[in-house]
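For reference, the chains in residue letters:
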Amino acid sequence: DAGVIQSPRHEVTEMGQEVTLRCKPISGHDYLFWYRQTMMRGLELLIYFNNNVPIDDSGMPEDRFSAKMPNASFSTLKIQPSEPRDSAVYFCASSTGTAYEKLFFGSGTQLSVL
Amino acid sequence: LAKTTQPISMDSYEGQEVNITCSHNNIATNDYITWYQQFPSQGPRFIIQGYKTKVTNEVASLFIPADRKSSTLSLPRVSLSDTAVYYCLVKGNTPLVFGKGTRLSVIA
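Given the structure is predicted, the values throughout are model-derived calculations rather than measurements. (Residues numbered from 1 in each chain as written. Chains lettered and ligands numbered in written order. Predicted model: local features only at pLDDT ≥ 70, side-chain atom pairs only at ≥ 80, totals over all residues. Heavy atoms only, no water.)

Caption draft 1: Here's a closer look at the overall build of chain B. In terms of regular secondary structure, chain B is built from zero helices and nine strands. Its helices and strands in sequence order give chain B the pattern β-β-β-β-β-β-β-β-β, from N to C terminus. In terms of overall dimensions, chain B has C-alpha extents of about 40 × 30 × 20 Å along its principal axes. For chain B, the proportion of its 108 residues judged to be buried stands at 44%. Excluding contacts between residues fewer than 6 apart, the proportion of contacts in chain B whose partners are at least 24 apart in sequence is 55%. Element-wise, carbon and sulfur atoms account for 51% of the exposed surface of chain B, whose accessible area totals about 5500 Å². Between the centroid of the 10 positive side chains of chain B and the centroid of its 7 negative side chains there is a distance of 9 Å. (Helix = DSSP H or I, 4+ residues; strand = E, 2+ residues; numbered from the N terminus. Buried < 20%, exposed > 50% of the residue type's maximum accessible area, 1.4 Å probe, protein only. Contact = heavy atoms within 4.5 Å. Areas by Shrake-Rupley, 256 points an atom, 1.4 Å probe, with all protein chains shown as cover. Lys, Arg positive; Asp, Glu negative; His and termini not counted. Charge placed at Lys NZ, Arg CZ, Asp CG, Glu CD.)

Structure (structure tokens):
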């Protein structure tokens, strides 16, 4: 299995632009998680899905952030408009319902908003 | 949600055994204890999980006392490649919450 695949690996954009991060979970996993990591705040859970349905988005910072999971093999995290404080590494992870504690993470997207 | 406390950082020389202790005083009866490892520029990686007593795999050992209010991750004979951040997590009713972890630096 290729593992969790995220794209792009790096993203540099200017303030005010729309940013879309993509994630392909491991086939057969029914949970998908989006995390954000910064030096100051560590690793924060933004939102998670179960069977493509958003379960908890209380970690999403504000309305500029949105996430979708149109099918079991694809999810997006969108920031519109982006701001410099959104600069961080964004990770996607997936797991199965029977191994809820064992998350498989992607390599992350390093986002820089100038 | 069970909160965990672990040291912010630790240093060790190559070849030594490293023990990282995590406290989780309000762990619930059905909670498992899970440890992750994160190398620079990578996502966290599951390394070990346990409920009580001792668990060992090819990477580490996990010691959990009878009261389960703490746990200790043991890394035998560390090498430079074990330099990473180690997270202790306790499963609750919500998805895994990662704290700041313990930054282990292995010195030659």
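Caption draft 2: Region of interest: the interface of chain B and chain A. Listed by partner, the interface residues are 18 residues for chain B and 19 residues for chain A. Taken together, chain B and chain A are joined by zero salt bridges. Those elements that provide at least two residues to the side of chain B that touches chain A are strand 3 (33-38) and strand 4 (45-50) of chain B. Here the side of chain B that touches chain A gets three residues from one element, more than from any other, and that element is strand 3 of chain B. Each residue belonging to the side of chain B that touches chain A can be placed in one class, and the counts come to eight nonpolar, eight polar and two charged. (Salt bridge = Lys/Arg side-chain N within 4 Å of Asp/Glu carboxyl O. Nonpolar A, V, L, I, M, F, W, Y, C, P; charged D, E, K, R; others polar.)

Caption draft 3: Structural view of the state of the cysteines. Inspection of every chain in the model, using the stated rule, returns two disulfides over all chains. In this model, A:Cys23 is linked to A:Cys92 through a disulfide, with the two sulfur atoms separated by 1.9 Å. Residues A:Cys23 and A:Cys92 are joined through a disulfide that is left-handed, its torsion about the S-S bond being -65°. You can see A:Cys23 sitting in strand 3 (residues 19-24) and its partner A:Cys92 sitting in strand 9 (residues 88-95), a full 69 residues away along the chain. Between B:Cys22 and B:Cys88 runs a disulfide, and the two sulfur atoms are separated by 2.2 Å. One disulfide, between B:Cys22 and B:Cys88, carries an S-S torsion of -80° and so falls in the left-handed class. In this pair, B:Cys22 is assigned in strand 2 (residues 18-23) and B:Cys88 in strand 8 (residues 84-90), connecting sequence segments 66 residues apart. You can call B:Cys22 buried: its relative accessible area is 0%. (Disulfide = S-S within 2.5 Å.)

Caption draft 4: Local environment of the pairing of strand 2 of chain B. Residues and elements named next belong to chain B. Here strand 2 shows one buried face, formed by Val18, Ile20 and Cys22, and one open face, formed by Asn19, Thr21 and Ser23. Bridge count for strand 2 against strand 7 (residues 70-75) is six bridges, and the pairing is antiparallel. Each bridged residue has a counterpart across the sheet, and for Thr21 the counterpart in strand 7 is Thr72. (Pairing = 2+ DSSP bridges.)

Caption draft 5: Geometry of the sheet that holds strand 3 of chain A. All names here are of chain A. The strand order across the open sheet built from four strands is 1-3-8-7, with neighbouring strands paired in antiparallel fashion. Edge positions in the open sheet fall to strand 1 (5-7) and strand 7 (65-71), since each of these has one partner strand only. Pairs of neighbouring strands in the sheet enclose a mean axial angle of 15°, with direction left out of account. Pairing between strand 3 and strand 8 (residues 74-79): five bridges, direction antiparallel. The residue of strand 8 that forms the bridge with Val19 is Ile79. (Axes fitted to C-alpha atoms, helices over the stretch in contact; angles between N-to-C directions.)

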